[in-house]
Amino acid sequence: MAGSEESNEFDHKAFLEKVSTRPGVYDMRDQKGKTLYIGKAKNLKNRLSSYFRATGLTTKTMALVSKIADIQLTITHTETEALLLEQNLIKDRRPPYNILLRDDKSYPYIYISGDDEFPRMDSCRGRKRQKGHYYGPYPSSGAVRESLHLLQKIFKIRQCTNTYFRNRTRPCLQYQINRCKAPCVGLVSKEEYLQDLEDTRQFLAGKDQQLIRSLIKRMELAAESLDFEEAAATRDKINHLRAVQEQQTVTKSAGDIDVIGFAHIAGNTCFDVLFVRAGRVLGHKYYFPDFKLEAGQADYLEDFMAQFYVRLFGSRDLPEEIVVPFELSGAETIENAIKSVSGKRVKIKSKVRSERHDWLNLANKNALQNLESYLASKSHLNQRYLQLKDLLRIDKPILRMECFDISHTMGEATVASCVVFGTEGPMNSEYRRYNITGIEPGDDYAAMAIALDKRYKKLAETNKGEGAEPDLIIIDGGKGQLGKASEVINALNLEIPLLGVAKGVTRKPGLETLIYNGQELNPEGAEAALLLIQQIRDEAHRFAITGHRQRRQKARNRSVLEDIPGIGSKRRSALLKFFGGREGVSNATVEEIKKVEGISLRLAQQIHDYLHND
């Protein structure tokens, strides 16, 4: 169903007369047919009418309504069905007025292998393909590393790869520092190792008290048997576990829970998700969704949960229960949507007591503290941008900066980087690298010219290049690189200010030379602006050198056999296995090469000629 009119102004009154009162999804579009905003409603007529009331609309909502030229409707049987469709459409169309959480990376787990004689412990992400036990999810890789370090210290389970394990002939450093019992060389019995492994599993499953009672019995038995060394080792293990318990309370009855904290200050929102697994708080992760339309706090929370648990379902395991800071009218709809995508029944609760109430207070405090820190850093960043604008005497605000750097090793594997900063800091999704070819090795001027031409040529021709036109381009280099950059920008008929950042005589941070409009700038009194320049310059350097190293390593790992016509991966593999490596192939005669399976006399001659430049 559509509501577009012949005139440019959207006739909302005529449209609303025909709108159904059933559940569904609405797709607001502009004059060009592009989606502005996608929403769902239990009653479409009531929900859409709220956008066109005479009073009470916020500035953001009025801006959206002024752009509407058409509204497409999809009727659904239930509100749950509408929520699922809404999330799918948001993911596909990415409307500018909807929030879009960027949390597609899967959460890390602690993994204990299930098919090794001496199972190993490791961290992993993604699908649980390997046989074994998985514990988590943890909110970050740092939390996993910290837990693995603790487990290795207490239980001494190996964390090495199977290849490393199988090839050991003597104990490694982990054994020397008392972090492993060296099962690789038989210094621990299988029975003792598997007992340590079972203790580790109990600890990860939250059965701390049960584990400590078991260890106390073992300590007493060892003492009675006059095995005082074993008794002392078990005692130390118990003390470690009790120290951990003091730092973190484990609640047996809690199970797997997500606790969501909420804070809202001056139009900015923060959600802090506390992860509780097997009664143990594993950590937390916070989010700052950019809500384009003003709404109530319950609406914000419902939008966040719909994306976090429905659209991004595949990136995490779901808890049994979700604790939220206030009551949600759409809680049942979200529960049904989660069940629809996962098959798992999850309960959403707002009225909680005891440890759940304490966790909720903690999550709310975390959300508030993180939001206050975020706003403070955002304020400092704005001050840096304003100071940079004043330093360069640019009339319009600097909202977007792009910085270029070149990296190579003696002219090998030259890579140019372009990093982008906005008013809220790095815009990682818009970073780009350019592989530079066809120039004299080590010619940074030519490399810079190619990178800038690649970046801005399409923008100059059609205004549809990568990203938007920046308000300032920063070149990591002196007058030579800046002059070459100026030539390219002028040739493209673009009017973008250029700032050069040359290393000073001492090449120390903070003592760089700034070149603008052909003159050296004195940054005295503009320390905040200089910090911003250093930050984007350092990020461009990091991004360039990382790309260069990757390209250089790839080139060095490349086999010369890959360049021979008619030699694919299978024949290349057969040659290397037959002769034991590239040197063996190079030293082989045509008759010897012909003996390899799949290699004809003609192809053997071709390989020999290529390797010997005949």
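Residue positions are given per chain, counted from 1 along the sequence in the order it is written. Totals for whole chains, interfaces and linings use all residues, but because this is a predicted model, local features are given only for residues with pLDDT of at least 70 and pairs of side-chain atoms are given and counted only at 80 or more. Calculation of side-chain values draws on the structure's entire complement of heavy atoms; hydrogens and water are dropped beforehand.

Right, let's get into the overall build of the protein. Helix and strand definitions follow DSSP, with helices as H or I runs of at least four residues and strands as E runs of at least two, each counted in order from the N terminus. The helix and strand inventory of the protein stands at 20 helices and 19 strands. With the C-alpha coordinates of the protein rotated into their principal frame, the extents come out at 90 × 80 × 60 Å. Put simply, the protein has 614 residues, and 46% of those count as buried. Under the convention used here, a 1.4 Å probe and the Shrake-Rupley method define accessible areas, while residue burial counts only the protein chains that appear. Working note: accessible area of the protein is about 32700 Å², and carbon and sulfur atoms make up 47% of it. Positive charges come from Lys and Arg alone, negative charges from Asp and Glu alone, with His and the N- and C-terminal ends not counted. To locate a charge, the coordinates of NZ of Lys, CZ of Arg, CG of Asp or CD of Glu are taken. Within the protein, one finds 92 positive and 81 negative side-chain charges whose respective centroids are separated by 3 Å. Only protein chains enter the calculation, and the probe is 1.4 Å; a residue is then buried if its accessible area is under 20% of its type maximum, exposed if over 50%, and partly exposed in between.

Right, let's talk about the sheet that holds strand β8 (residues 268-277) for a bit. As summarised here, the arrangement of the five strands in space is β9-β8-β7-β10-β11, forming an open sheet in which the pairing is mixed. The outermost strands of the open sheet, each flanked by one partner alone, are β9 (280-287) and β11 (347-349). Strand-to-strand twist of the sheet, defined as the mean angle between neighbouring strand axes without regard to direction, takes the value 20°. Here helix α11 (residues 297-311) sits on the sheet in contact with β7 (257-265), β8, β9, β10 (321-323) and β11, set at roughly 135° to β7. Only strands that DSSP links by at least two bridges are regarded as paired with each other. For helices, the fitted axis covers only the stretch in contact; all axes are lines through C-alpha atoms, and the angles between them, taken along N-to-C directions, range from 0 to 180 degrees. Any two residues having at least one pair of non-hydrogen atoms within 4.5 Å are treated as being in contact.

Confidence per residue, as judged by the predictor, is encoded in pLDDT with a range of 0 to 100. Residues of the protein with pLDDT of at least 70 account for 92%, and the chain-wide mean is 85. For the stretch residues 1-7, pLDDT sits under 50, and the model shows 20 contacts to residues farther than four places along the chain or on other chains.

To continue, consider the packing of helix α8 (residues 190-204) against helix α9 (residues 208-224). At a minimum axis separation of 8 Å, α8 and α9 run at an interaxial angle of 150°. Taken together, the axis directions place α8 and α9 in an arrangement best described as roughly antiparallel. Crossing of α8 against α9: the hand is left-handed. Touching Q195, D199, Q202 and F203 of α8 are D208, Q210, L211, L215 and R218, all from α9. Residue polarity is assigned by list, with Asp, Glu, Lys and Arg as charged and Ala, Val, Leu, Ile, Met, Phe, Trp, Tyr, Cys and Pro as nonpolar; anything else, Gly included, falls into the polar class. Of the residues belonging to the contact of α8 with α9, the class tally is three nonpolar, three polar and three charged. Angle categories: roughly parallel below 35 degrees, roughly antiparallel above 145, roughly perpendicular from 65 to 115, and oblique for all the rest. Note on convention: the crossing is left-handed when the near helix lies turned anticlockwise from the far helix by less than a right angle, right-handed when the turn is clockwise.

Inspection of the secondary structure assignment puts E332 in helix α12 (residues 331-342). Among the residues examined, E332 registers a relative accessible area of 56% and is labelled exposed. Along the sequence, E332 and L83 sit 249 residues apart, while their C-alpha atoms lie 11 Å from each other.

Time to look at the side chain of R400. For R400, the location among the structural elements is in strand β12 (residues 400-409). For R400, the side chain forms a polar contact with the side chain of E402, separated by 3.1 Å. N or O atoms within 3.5 Å of each other form a polar contact, as long as, within protein, one can give a hydrogen and the other can take it, and as long as residues adjacent in sequence are counted only when both atoms are side-chain atoms. Of the polar contacts made by the side chain of R400, one reaches the side chain of E430; its length is 2.5 Å.

Among covalent bonds in proteins, the disulfide is the one between the sulfur atoms of two cysteines. By disulfide we mean two sulfur atoms from cysteines, separated by a distance within 2.5 Å. The full count for this structure, using the stated rule, is zero disulfides. No disulfide involves C160; its sulfur sits 6.4 Å from the nearest other cysteine sulfur, which is in C180.

Turning our attention to the nonpolar core. Of all hydrophobic cores here, the largest spans 32 residues; its most connected members are I260, F304, M305, Y309 and I322. Those elements that place two or more of their residues in this core are α4 (79-93), β7, β8, α11 and α12. No other element matches α11, which puts eight residues into this core. Nonpolar cores were defined as sets of buried Ala, Val, Leu, Ile, Met, Phe, Trp, Tyr and Cys residues, with membership established by side-chain atoms within 4.5 Å.

Every case where a carboxyl oxygen of Asp or Glu lies within 4 Å of a side-chain nitrogen of Lys or Arg is listed as a salt bridge. Inspection of every chain in the model, using the stated rule, returns 25 salt bridges. Residues D116 and R158 are paired through a salt bridge, measuring 3.8 Å at the closest nitrogen-oxygen approach. In this pair, D116 sits in the loop between β4 (109-113) and β5 (121-124) while R158 sits in the loop between α5 (141-155) and α6 (162-166), placing the two residues 42 residues apart along the sequence. A salt bridge links D258 to R277, with the shortest nitrogen-to-oxygen separation between them at 3.1 Å. Within this pair, whereas D258 is found in strand β7, its partner R277 is found in strand β8, the two being separated by 19 residues in sequence. For D258, a relative accessible area of 0% puts it in the buried group. What emerges from the salt-bridge pattern is a single network uniting K181, E192, D196 and K237.

Right, let's talk about helix α20 (residues 601-612) for a bit. Helices are assigned an expected span. That span is 1.5 Å times one less than the residue count. Look at α20: 16 Å from first C-alpha to last across twelve residues, which is about the 16 Å you get at 1.5 Å a residue. Of the positions making up α20, those classed as buried are L603, A604, I607, H608 and L611. Viewed along the axis of α20, the buried residues span an arc of 135°, placing them on a single side of the element. Taken together, the buried residues of α20 touch α17 (569-579), α18 (582-587) and α19 (590-594). Comment: arc refers to directions from the helix axis out to C-beta atoms.

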